[in-house]
Amino acid sequence: MPCGVSPWSRCNLACLVGFGRLSCDDSHITGTNDVTTQSLPPEVVRELDLLAETILARAPLVAFTGAGISTESGIPDYRGRNGLWTSGSATPVTYQEFMSSPERRIAWWRSLPERYQQGIERQPNAGHHALVRLQAAGVLLATVTQNIDGLHRRAGTAGDRLVELHGNGMTIRCTFCGTTWPVEQFLPLVAELSEPPACELCGGILKSGV
């Protein structure tokens, strides 16, 4: 544990979730990253104490995340003030449209490099890293996410402790046989595509792994 006190005190949780080393008695500072309970907003201290109580009573826990955790990484949410659906800036292609229209599929493939570049420019934020530290400390049994951005995995969440409910946008999957590949494998082929590529194993339709 980061501090020599109760395993799940506010001190240790402050370290794990990214506030820095917290001096438990507020009487000394031992490093440049140290903070005291007096330097944190009262509501944050209350939340740390509540989390400590929950861990003591319920651990190991399961974290469930959605679009909100990735907004600090520059990825818009859906229903917020500037969300993709609220602003009307995104009109997703439905599964039925993608599967029935070769034109829709080739347009999707041709835009893949740009979308991939946008994706890799997004980096995991403090929230993703805090969950990794909580998992490493034995607090989290698993992280379940609705997100397809892959940021939990890139932050270091163990693959066998991560459930991506809607898949991962950085992969390509065959809709027939279910084989999955890293999206990077297809990027060099996009410029030469005249029609949507098919699965090399079964001839099935390929799409994003979501």
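As a starting point, this report considers the structure included with it. (Residues numbered from 1 in each chain as written. Predicted model: local features only at pLDDT ≥ 70, side-chain atom pairs only at ≥ 80, totals over all residues. Heavy atoms only, no water.)

## Re the sheet that holds strand S3 (residues 61-65)
Okay, so step 1: The strand order S3-S4-S5 describes an open sheet built from three strands, whose pairing is parallel. Edge positions in the open sheet fall to S3 and strand S5 (162-164), since each of these has one partner strand only. On average, each strand axis in the sheet is inclined to that of its neighbour by 15 degrees, with strand direction left out of account.
Okay, so step 2: Pairing geometry for S3 and strand S4 (residues 140-145), over five bridges, is parallel. Across the sheet, the residue bridging to Ala63 is Thr143, located in S4. (Pairing = 2+ DSSP bridges. Helix = DSSP H or I, 4+ residues; strand = E, 2+ residues; numbered from the N terminus. Axes fitted to C-alpha atoms, helices over the stretch in contact; angles between N-to-C directions.)

## Focus on the pattern of salt bridges
Okay, so step 1: Within the structure shown, the criterion is met by two salt bridges.
Okay, so step 2: Across the pair Glu97 and Arg104 runs a salt bridge whose closest N-O atoms are separated by 3.8 Å.
Okay, so step 3: According to the relative accessible area criterion, Arg104 is partly exposed, its value standing at 39%.
Okay, so step 4: Here Glu164 makes a salt bridge to Arg153, at a shortest N to O gap of 2.9 Å. Of the two residues, Glu164 is situated in strand S5 and Arg153 in helix H8 (residues 151-155); the sequence distance between them amounts to eleven residues.
Okay, so step 5: For Glu164, a relative accessible area of 18% corresponds to the buried category.
Okay, so step 6: On the accessibility criterion, Arg153 (39% relative accessible area) is partly exposed. (Salt bridge = Lys/Arg side-chain N within 4 Å of Asp/Glu carboxyl O. Buried < 20%, exposed > 50% of the residue type's maximum accessible area, 1.4 Å probe, protein only.)

## Things to note about the packing of aromatic side chains
Okay, so step 1: Tallied over the full model, the rule gives four aromatic pairs.
Okay, so step 2: Pairwise contacts between aromatic rings join Phe98, Trp108, Trp109, Trp181 and Phe186 into one cluster. (Phe/Tyr/Trp six-rings, centres within 6.5 Å; stacked < 30°, edge-to-face > 60°.)

## Some thoughts on the packing of helix H5 (residues 102-110) against helix H6 (residues 112-121)
When two helices pack together, their arrangement is given by the angle between the helix axes and the distance between those axes.
Okay, so step 1: Two elements in contact, H5 and H6, have axes whose closest approach is 4 Å; the angle formed by their N-to-C orientations is 45 degrees. Relative to H6, the element H5 lies oblique. Here Trp108, Trp109 and Arg110 of H5 come into contact with H6, specifically with Leu112, Pro113 and Arg115.
Okay, so step 2: Its residues assigned to classes, the contact of H5 with H6 comprises four nonpolar, no polar and two charged. (Parallel < 35°, antiparallel > 145°, perpendicular 65-115°, else oblique. Contact = heavy atoms within 4.5 Å. Nonpolar A, V, L, I, M, F, W, Y, C, P; charged D, E, K, R; others polar.)

## Let's talk about the sheet that holds strand S8 (residues 206-209)
Okay, so step 1: The three strands lie next to each other as S7-S6-S8, forming an open sheet whose pairing is antiparallel. The sheet terminates laterally at strand S7 (180-182) and S8, the two strands that pair on one side only. Looking at each pair of strands side by side, their axes are set apart by 40 degrees on average, direction ignored.
Okay, so step 2: The pairing of strand S6 (residues 168-174) with S7 spans three bridges and is classified as antiparallel. Within S7, the position partnered with Ile172 by the bridge is Trp181.

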